[in-house]
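Observations on the three-dimensional arrangement
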Amino acid sequence: MLIDVAEKRLLVEPGHPELSIRQQCELLGLNRSSYYYEPTSESEENLAVMREIDRLYTQHPFLGYRVMTAMVRRAIPDVNKKRVQRLMRKMGLRAIYPQKKTSQPHPQHRVYPYLLRDLIIDRPNQVWCADITYVPMRRGFMYLVAIMDWHSRYILTWELSNSLDRFFCLTALDQALTQARPEIFNTDQGAQFTANDFTGRLLAQDIRISMDGRGRAFDNIFIERFWRTLKYQHIYLHDYETVVALWQGLRQYIQMYNEERPHQALKYQTPAEVYYGQMPVLSP
C-alpha cells in the first residue's frame, strides 16, 4: 500500500529517543524541507496583533498598513504603524495599496502574462491556480499553499510550511501533477511561483503559465474566496495549538469542502462531483 506525504508526516515522532527528525525523514523517504512540526513563533502580544490583521485583511484585501493600523487600534489601542508594517511583511501581506501579494517576485525570475482575462473556462483541468495564505495558531502561525481547479473549485493538493520558501509549493505541485495536468497554471508573482524550478516543472509538461497582474488582487478570485471561507468557517473557530492538530483539521475541512458541501455557483453540486463528473473518460 502506498503512503502519501501527508501520512508519512504523521509517522515522524518529534523527540524520538534514537532517531532525529532528519533520520526519520530519510527512512520514510520524506523531504526534510517538507516536514515542519513547529509553528513560526512570535511574542504573545504580536500574535494577537497578527490575528487581528489577518481577520481584517481577509475581509478587506486592499488595506495598506496605514489604514490597517487605524483599524487594528480599535481592538489593540497601543499598536503603531511600524509594528503593523513589519508584521504584515512577516505574514506575507503587501503593505502598499492596492497590491495584495503573499511575496514579491525575485528580480532574476521571469514573470509571465495573465492569460485568463475574457477566457471562457468550462471544463476541469483547463486552468489550475495556486496561492499561499497565513494561518494563525494559538502560539504561532504557519503558511498554507493550495492548488485549485478553477472550473470546479476542487482543491487538488495543499501543503503547510513554517516558512515562505518555495519547497512546500513544489511539493504541492508535484503531488497535483501525479493526478492530472492542466492546460494553464495561474499564480501571483510571488518568488515561490516565479522560481525556475517551479515554472520549469510546468514548462516541462507543456503547461502554459499565467500570472496575476500586479495590483490585481482578484485575478485569482476563486482561491481568494476559498481562503475567506476556510478561515471564517474553520480556522478562526479552532484555536489550534500543534501543527499535527492543524493538519488533521485542515484535512477534514478540505475533504468536506471538496466532497460534501454543495456550491451555489456549481448548481448545488460539490467540487468533487463537478471535477470528476466532467473529467474526460480515457480510452483503455
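This is a predicted model, so every value here is computed, not measured. Residue indices follow the written sequence of each chain, beginning from 1 at its first position. Thresholds applied to this predicted model are a pLDDT of at least 70 for local features of residues and 80 or more for the giving and counting of side-chain atom pairs; totals over whole chains, interfaces and linings are not thresholded and use all residues. The side-chain figures draw on all heavy atoms in the structure; neither hydrogens nor water molecules are used.

Moving on: the pairing of strand β3 (residues 155-161). Only protein chains enter the accessibility calculation, which uses a 1.4 Å probe. A residue is then buried if its area is under 20% of the maximum for its type, exposed if over 50%, and partly exposed in between. What counts as a helix is a DSSP run of H or I of at least four residues, what counts as a strand is a run of E of at least two, and both are numbered from the N terminus. Most of β3 sits out of view: 7 of its 7 residues are buried. Pairing between two strands requires that DSSP report at least two bridges joining them. Where strand β2 (residues 140-149) meets β3, 6 bridges bridge the pair, whose relative direction is antiparallel. Counterpart to Tyr143 in the pairing with β3 is Ser161. Counting the residues that bridge the hairpin from β2 to β3 gives 5 residues, and of these Arg153 lies at a positive phi of roughly 65°.

Further remarks concern the confidence of the model for the protein chain. Chain-level statistics for the protein chain give a pLDDT mean of 84 and a share of 81% at 70 or above. Here pLDDT means the predictor's own confidence in every residue, given as a number from 0 to 100. Mean pLDDT across the elements of the protein chain bottoms out in helix α1 (residues 5-11) (64) and peaks in strand β4 (residues 184-187) (96).

Each pair of packed helices can be summarised by the angle the axes make with each other and by the distance between the axes. Across the interface, helix α3 (residues 44-59) lies against helix α5 (residues 81-91) with an axial gap of 10 Å and an inter-helix angle of 75°. In terms of orientation, α3 and α5 fall into the roughly perpendicular class. Listed contacts from α5 to Glu45, Asn46, Val49, Met50, Ile53, Asp54 and Tyr57 of α3 are Arg83, Val84, Arg86, Leu87, Met88 and Met91. Residue polarity follows a fixed list, in which Ala, Val, Leu, Ile, Met, Phe, Trp, Tyr, Cys and Pro are nonpolar, Asp, Glu, Lys and Arg are charged, and the others, Gly among them, are polar. The class makeup of the residues in the contact of α3 with α5 is 8 nonpolar, 1 polar and 4 charged. Axis geometry follows a simple rule: fit a line to the C-alpha atoms, using only the stretch in contact for helices, then measure angles between N-to-C directions, giving values from 0 to 180 degrees. Under this scheme an angle from 65 to 115 degrees is roughly perpendicular, one under 35 degrees roughly parallel, and one over 145 degrees roughly antiparallel; angles in between are oblique. We call two residues in contact when some of their heavy atoms are within 4.5 Å.

The next subject is the packing of aromatic side chains. In this description, an aromatic ring pair is defined by two values, namely the gap between the centres and the angle between the planes. Between rings of Phe, Tyr and Trp, where Trp is taken as its six-membered ring, a pair exists when centres lie within 6.5 Å; planes separated by under 30 degrees are stacked, by over 60 edge-to-face, and by other angles tilted. Overall, the coordinates contain 13 aromatic pairs when judged by the stated rule. Their ring planes at 40° and their centres at 5.9 Å tell us that Trp158 and Trp247 sit as a pair that is tilted. You can see Trp158 sitting in strand β3 and its partner Trp247 sitting in helix α10 (residues 243-259), a full 89 residues away along the chain. Like Trp247, Trp158 is buried. The interplanar angle of 45° and the centroid separation of 5.6 Å between the aromatic rings of Phe226 and Trp227 together place this pair among those described as tilted. Judged by its relative accessible area of 2%, Phe226 falls in the buried class. One aromatic cluster in this structure is built from Trp128, Phe185, Phe193 and Phe198.

As a further point, take helix α8 (residues 196-204). Taken residue by residue, α8 has Phe198, Thr199 and Leu202 as its buried positions. Buried residues of α8 fall within an arc of 85° about the axis and therefore sit on the same side. Those residues of α8 that are exposed and angled more than 90 degrees off the buried face are Asn196 and Ala204. Where α8 is buried, its residues touch α6 (167-177), β4, α7 (191-194) and β5 (208-211). Positive backbone phi, approximately 60°, marks Asp206, located one or two places after α8. By definition, the arc is the one covered by directions from the helix axis to the C-beta atoms.

This part is about the pairing of β4. Residues of β4 alternate between two faces, with Ile184 and Asn186 on one and Phe185 and Thr187 on the opposite face, all of them buried. Here strand β1 (residues 127-137) runs beside β4; their pairing, made up of 3 bridges, is parallel. Paired with Cys129 across the strands is Asn186, a residue of β4. Here β4 runs beside β5; their pairing, made up of 4 bridges, is parallel. Residue pairing for β5: Ile184 is matched across the bridge by Arg208.

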